[in-house]
Amino acid sequence: MPAGAFSYPVKKPQQTRWFGFLLLPEFTLLAFSAALDPLRIANQLAQKPLYGWLVLSEDGAAVSSSSGIDISVHAPLDELKPDTYLFACSGNNGTKVASDGVLGHVRRHVRFGGKVGGICTGAATLARAGLLGGKRFTLHWENQPGFNEEFPDLPPTAHRFEQDGTLLTCGGGAAATEMMIAVIAQDYGEDFAIAVSDMCLNGPEIARRSEQRSSIAKAISSRNPRVLAVLRAMYDNIETPLTLESLAETAGISRRQIERQFKLLLGEAPAQTYRNIRLDRARTLLMETNLSVMEVSIAAGFNSDGVFSRHFKARYGESPYGHRGRSKSKKNQS
């Protein structure tokens, strides 16, 4: 293995620990590479094969990522060995993309003693395989609303990554790096893991970072606690929207003050902000679930299909029916 300018000897290396990365169609390239590269860096620093990896697909053919880049693999899924830890890697459409054959392979792997995890939306494949009951897990925040509709009895956490026994899941992106550095810390100690983290420019703090999403305060460049309280209440009450009076009461100020603060900080009325939050949720459900447009409308807090369609078209330039049809057509062509 090539040596770098910096090294970190490991005095008592364990037997090489193997990971398998199952690439599913339209997987997220960033999440996959962010999980794999800490393993490579660990080997480089130690100048020993601490970790090995196989990149897999269902049939051994290259897989196209969500960015349209095809990635070659080492082997088909049926060559997976029981002692290899298998990560399911997917992106948008994670609740649908794994075939029945893939689900069967994953179940057999676990039945014969194999361990599994999920990267980005990989947890959705594990859920479809029936492997998440009673487990603590996560997946990318953007895909959680659609997942919740498909699996209402399997609530994911909002954390960047989770470990429940041998089950490892993360929301993708930088969280995949954080998850693998946590694995390295368990295997070879915190000091070595910090060295790997520094090489990833991930910083020396390797403790689990909590929420996936940046705080709402950062999103609006504000630290106004009253506006933040209203925004949190909006995100927490989508299917049954609160009145502006109730939202104002949550923040402990008047409706007029809320309206003034939203106009000042966000440049729009609170009702418009709330509607857009609900429309964003609806768009996610249209893309990621098989719910009817009417069911999506209700789940996003609209009691009229006509009102929902009008606001959806105003925000996205097409009706919810047209959006769903275009999404299905795109999937059929891919």
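Being a predicted model, the structure only gives us computed values, none of them experimental. Throughout, residues of each chain are indexed from 1 in the direction in which the sequence is written. Two thresholds apply to this predicted model, a pLDDT of at least 70 for residue-level local features and 80 or more for giving and counting side-chain atom pairs, whereas whole-chain, interface and lining totals are computed over all residues. No hydrogens and no water enter the side-chain calculation; it runs on all heavy atoms of the structure.

1. Re unusual backbone geometry
Step number 1: Here the phi dihedral of glutamate 26 falls at roughly 65°; this positive angle occurs in a residue that is not glycine.
Step number 2: A run of DSSP states H or I qualifies as a helix once it reaches four residues; a run of E qualifies as a strand once it reaches two. Both are numbered from the N-terminal end. Topologically, glutamate 26 is positioned in the loop between β1 (17-23) and α1 (29-46).
Step number 3: Think of it in three bands: with a 1.4 Å probe and only protein chains considered, a residue is buried below 20% of the maximum accessible area for its type, exposed above 50%, and partly exposed in between. Taking the relative accessible area as the measure of exposure, glutamate 26 reaches 29% and is therefore partly exposed.
Step number 4: Here the phi dihedral of glutamine 47 falls at roughly 55°; this positive angle occurs in a residue that is not glycine.
Step number 5: Relative to the elements of secondary structure, glutamine 47 occurs in the loop between α1 and β2 (51-57).
Step number 6: Among the residues examined, glutamine 47 registers a relative accessible area of 36% and is labelled partly exposed.

2. Here's the deal with the pairing of β1
Step number 1: Within β1, five of the seven residues are buried, which leaves the element mostly enclosed by the surrounding structure.
Step number 2: Two strands qualify as a pair provided that DSSP identifies no fewer than 2 bridges between them. Where β1 meets β2, six bridges bridge the pair, whose relative direction is parallel. Residue pairing in the sheet places arginine 17 in a bridge with tyrosine 51 of β2.
Step number 3: Where β1 lies against strand β6 (residues 85-90), five bridges are found, and the strand directions are parallel. By the bridge assignment, leucine 23 is partnered in β6 with cysteine 89.

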